[in-house]
Amino acid sequence: MSRRGRVTVGVLVGVFILFTLLGWGIDAYTDYLWFDEVKKTSVFSGVLVTRLVLFLVVGAVMTLIVAGNLYLAYRLRPLLRPHSNEQVTLERYRMILAPRLGTWITVTGLVIGFFAGLSAQSRWGDWMLFRNGGDFGVKDPEFNVDISFYIFEYPLWRYLLGLAFTAVVLSVIGSLAVHYIFGGVRLQGVGDRMTTAARAHLTTLVAIFVLLKAVAYVLDRRALLLEQHVSPGLYGAGYTDVNALLPAKEILAYISVVVAIAIIVFSNAVMRNLVWPGVSLALLAISAVAIGGIYPLAVQNFQVKPSLLDKEQKYIERSIESTRTAFALENTEVTQLPSSSGRPPETLPSDTSAQNVRLIDPQIVSQAFTQSQQSRGFYDFGDKLDVDRYTVDGKTQDYVVGAREIDDSKLTALQRNWLNRHTVYTHGYGLVAAPANEFCGTGLPYFASGLIGNQGAENTGDCITPTAALEAEQPRIYYGEKSTEYAIVGQVDSGKNVEFDRPQDQSTQGGEVYYTYSGEGGVEIGSFFRRMVFAIKNTESNFLLSDAVNANSKLMYIREPRERVAKVAPFLTVDGDPYPAVVDGRIKWILDGYTTAKTYPYAQRINLATETKDELTGTGSFALARDDVNYMRNSVKATVDAYDGTVTLYEFDDKDPVLKAWNKSFGGDLIVPKDQIPQSLADHFRYPADMFKVQRNLLTRFHVTDARTFFSGEDFWQVPNAPDSPQSGYQPPYYLNVKLPDQNETRFQLTAGVTPLNRENMAALVSGSYVAGQPRLEIFELPDGKVVPGPVQVHQQMVNASNISQQLTLLNRGGQASVLYGNLISLPLGGDILYVEPVYVRSSQANAAPLLQKVLMSYGDGRYVVLEDNLQKGLEALAALGKSNAPPNTGTTDPGGTTDPGPTPSAGATTTPPANQPPTQITPELSQAAAAVDKAIADLKAAQQAGDFVKQGAALKALDDAINRFQAAQQAAGTSTPATATSTNPSPTPSG
């Protein structure tokens, strides 16, 4: 290459390195500014320094080992080489390498060291836990070693062993190449094929490799407790592993030590050739196959398989116990629900838990929130709302809540310029809440907070009941789930506020209110240097050119709550469903953080993404990463202030050794102790959804603690699919504020039903709640001899009941609307299961909000089904059915063989029409009723097109009246199918 070419290449390489280093430097600097804003620089410096030290140390060690062996191979070259064609050919390479051999060796070592350092710096977490881990206080059942060895030490030892293998292998390959080039190893010519020095060097490296293999065998013994071996499909060492593989690996470790010694001795001191070292290596390979493979296989086939349960029973018990401990299942309480008559109890309408059943579906009602409370088209509440509870006037009640945020994707084309997106539309406004078991006459929720002036009042009629206890003193939301863009705030232009705050009351002149941020959040970017840095970071020249960025400006970035917590605590797995709450007058996002591990002995390994996926994953809740773990704790409750972005990590599990190790790694003050959690915040803690899903899925198998029963699998359960759409995935758990059997008080708890394996009837309900600040996991099992339909079955029974299916068909209004089914709640009451499913109607008009119109309810074995206007009427109808001697749909046969046809159907009950039903006669009354239905449908369509919720409610009421008249006319005209006596008029008062 010419001198000019070399200069050109050097300049290009220099420019590339400069821009790469510049990018890294800017990323590091902006990260530091962000951590400084949230006052968590200990995390930034701790991780950065640890990664840098690991990179340098491991890179330097690897460089020295490889480069040192290459240089040693060169120094051991023979001064005289026998003449041969091979040596003549190699002389060309020697002439190229020899003048700059030091440079070649250094560059090779540095390249290998660089990649080794990159690999090592990613292990910063393993190193921190290795240095700061403490004891678990629990020992593994095989080696009697504290679990801390497997969690804190084993991963790093395994990595270092792999690194040592890599260093030795690369050294062998490189040294062999140098020896060959410089004549230490020859393929042609007279005399030995390898000089004494080359033989000593290479055989020593091979001996070291074999010694490392001995260490690997020792670690492999511990690794058997982490792998899947125990039948059926459990983890840990089974009978074959303990009685065949463990001794085999110990023997192989000793053999490896002997072989390593033999290689050095026979190749350098005794015979001074490679024959016997080669024989030793061959014997080691044969021993590994025979002792480590054939013998365990023989034990498995001839001893274990013929009596599998007897051999594996002990190890099945170990796996069950370890799994329950690793996932906090060991204290799960099991309650056997009593057997009952199957009839709805008379006390059902007055039961507090039944009255507290949530009707408002957080997923379906989100659009109603958006339509009724958004005030501007760019506001949004997300795909799914959240459920929390508040105490108002001494009564604790669950509420469906949503944060009104700005969705950048909904800004108009004129609004989406850089100035508007980043300096004007910077924040949302208000937390909107609605009681979870009430709805108003139009089918909308009763909005209790987060209202903007009188916006929405004209569209929601009397569906607003302002509650001061739910209002935030600082309602602005600068940090939220929709905050995907950076925001520039705090800028003042001649004293004029520029940030859009909220629409003004219509009675006030001015139309809109503007605001200037005055909180502590954001990074100051008033200086030219910082503006230039962020201009490069975001590839945006407006940081330097726009007048909107001035000396008072602050930049907010990384504003999503999950992303902020994950950055502050990179060792946590953050729950996929953050939720907002009003705490001490401020809106705070509350998130659950999990500590996890992959190396808990004998514990079942699960994939977080798979185990937490259900119908709602990706729709309002985030999917977890595809991490395989076998230990999990809800150790942290994190909060993010919606106004200033403050991130606070609170210790929740004060006994978790993993969290203690992480906290110690970052100075000991990163996590706020549990006893310092404000009670006002603790009142809003709820059992975490993703943790519950993992525990529920594991309990489908590990509720069985008897090894023999577990082996047979006869009592395993499964998670049911979504009732109204089984193909969409598993049914998600749901939050309820209820009192379940044997509970002393009403609790806010997360519940889910499970069914027997490969069957759809209900087997049990699982509940997760907090009692005195401690997690409580409970199972409510149905009696074995009792068959109660599961969620999918009961939904099909309810919607296919004759009169109910007719009413649901009429709700479609001739294709002008569609029926949507809300969350199917399963609540154990009176020894049976009460099922409650809200029925929504959504117009076919674009962006129409679903309106809650009816409530489907069933009790017991599915024969008692009602469709009513609200929850209270449904409970009363079920109680009335319970007073009868027989279910309404079927006759009952007494012991003497006579049949009682049952009583007359009560309000809302379903009946089975006779097969010989006569045709309906067309009468004037029937024609008039049909015309009234048509007119009501037309009025409803007009109200929907006008976007008038009040007129929609009136039209719905008229439509229900017309439907009732039509059914009565049908019955009078000669049809034998009894019409449902249920009034479908929406109640003008809160339904409960």
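From a predicted model like this one, the values you see are computed outputs, not experimental measurements. (Residues numbered from 1 in each chain as written. Predicted model: local features only at pLDDT ≥ 70, side-chain atom pairs only at ≥ 80, totals over all residues. Heavy atoms only, no water.)

Some thoughts on the side chain of Lys588
At step 1: Position of Lys588 relative to the elements: it lies in strand S16 (residues 586–597).
At step 2: In this structure the side chain of Lys588 is engaged in a polar contact, spanning 3.3 Å, whose partner is the side chain of Asp641.
At step 3: With near-sequence residues (within four places) excluded, Lys588 lies in contact with Tyr579, Pro580, Ala581, Val583, Val640, Asp641 and Ala642. (Helix = DSSP H or I, 4+ residues; strand = E, 2+ residues; numbered from the N terminus. Polar contact = N/O pair within 3.5 Å; in protein donor to acceptor, adjacent residues only side chain to side chain. Contact = heavy atoms within 4.5 Å.)

Examining the confidence of the model for the chain
At step 1: Scored by pLDDT, the chain comes out at a mean of 85, with 88% of its residues at no less than 70.
At step 2: In this model, residues 455–460 is a region of pLDDT below 50 whose contacts with residues beyond four sequence positions or in other chains number 19 contacts.
At step 3: Here residues 889–920 is a poorly scored stretch, pLDDT under 50, and it has 62 contacts once near neighbours within four places are set aside; other chains count. (pLDDT = per-residue confidence, 0-100.)

A word on the nonpolar core
Soluble, globular proteins show a tendency: their nonpolar side chains are buried together.
At step 1: One finds Tyr390, Tyr557, Phe571, Leu649 and Phe666 to be the most contacted residues of the largest nonpolar core, which totals 162 residues.
At step 2: The element contributing the most residues to this core is helix H6 (residues 148–181), with 13 residues.
At step 3: In contact with Tyr557, other than residues within four places in its own chain, are Thr30, Leu33, Trp34, Tyr486, Val523, Phe534 and Arg564.
At step 4: Counting 71 residues, the second largest nonpolar core, distinct from the first, contains Val365, Leu765, Ala801 and Leu829. (Core = buried A, V, L, I, M, F, W, Y, C linked by side-chain atoms within 4.5 Å. Buried < 20%, exposed > 50% of the residue type's maximum accessible area, 1.4 Å probe, protein only.)

Remarks on helix H4 (residues 101–121)
At step 1: For H4, spanning 21 residues, the distance from its first C-alpha to its last is 30 Å, which sits close to the expected 30 Å at 1.5 Å a residue.
At step 2: Three or more residues of H4 are buried, namely Leu101, Ile105, Gly109, Gly113, Ala116, Gly117, Ala120 and Gln121. Down the axis of H4, the buried set is contained in an arc of 130 degrees. They therefore lie on one face. Of the exposed residues in H4, those oriented more than 90 degrees away from the buried face are Leu110 and Phe115. (Expected span 1.5 Å × (residues − 1). Arc of directions from axis to C-beta.)

What about the packing of helix H2 (residues 41–75) against H4?
At step 1: Two numbers describe how H2 lies on H4: the axes approach to 7 Å, and their chain directions differ by 145 degrees. Here H2 and H4 pass one another in a crossing that is right-handed. (Axes fitted to C-alpha atoms, helices over the stretch in contact; angles between N-to-C directions. Left-handed = near helix turned anticlockwise from the far one by under 90°.)

Thoughts on the sheet that holds strand S3 (residues 386–392)
At step 1: Read from one edge of the open sheet, three strands run S3-S4-S7, paired in antiparallel fashion. If you trace the sheet from one side to the other, it starts and ends with S3 and strand S7 (431–435), each paired once. On average, each strand axis in the sheet is inclined to that of its neighbour by 45 degrees, with strand direction left out of account.
At step 2: Of the pairings in the sheet, the one linking strand S4 (residues 395–403) to S7 comprises five bridges and is antiparallel in character. (Pairing = 2+ DSSP bridges.)

A look at the pattern of salt bridges
Close approach of charged atoms allows side chains of opposite charge to pair.
At step 1: Under the definition given, this model contains 33 salt bridges.
At step 2: Asp220 is paired through a salt bridge with Arg158; the nearest N and O atoms lie 2.6 Å apart. Linking Asp220 in helix H7 (residues 196–223) with Arg158 in helix H6, this pair joins segments that are 62 residues apart in sequence.
At step 3: Notably, a salt bridge pairs Asp388 with Arg389, separated by 3.6 Å at the nearest N-O pair. Considered together, Asp388 and Arg389 belong to a single accessibility category, that of buried residues.
At step 4: Each of Asp380, Asp407, Lys410 and Lys482 takes part in salt bridges that share partners, so that together they form one network. (Salt bridge = Lys/Arg side-chain N within 4 Å of Asp/Glu carboxyl O.)

Observations concerning the sheet that holds strand S9 (residues 487–489)
At step 1: Read from one edge to the other, the open sheet built from three strands follows the order S9-S13-S12, with strand pairing classed as antiparallel. Across the chains shown, the open sheet's two edge strands, defined by having one partner strand only, are S9 and strand S12 (523–524).

Structural notes on unusual backbone geometry
At step 1: Backbone geometry at Asp742 places phi at a positive 70 degrees, although glycine is not the residue there.
At step 2: Structurally, Asp742 can be placed in the loop between strand S22 (734–738) and strand S23 (747–756).
At step 3: Positive phi, close to 65 degrees, is recorded for Asn758, a residue that is not glycine.
At step 4: Assignment of secondary structure puts Asn758 in the loop between S23 and strand S24 (761–762).
At step 5: Here Asn758 falls in the exposed class, since its relative accessible area comes to 68%.

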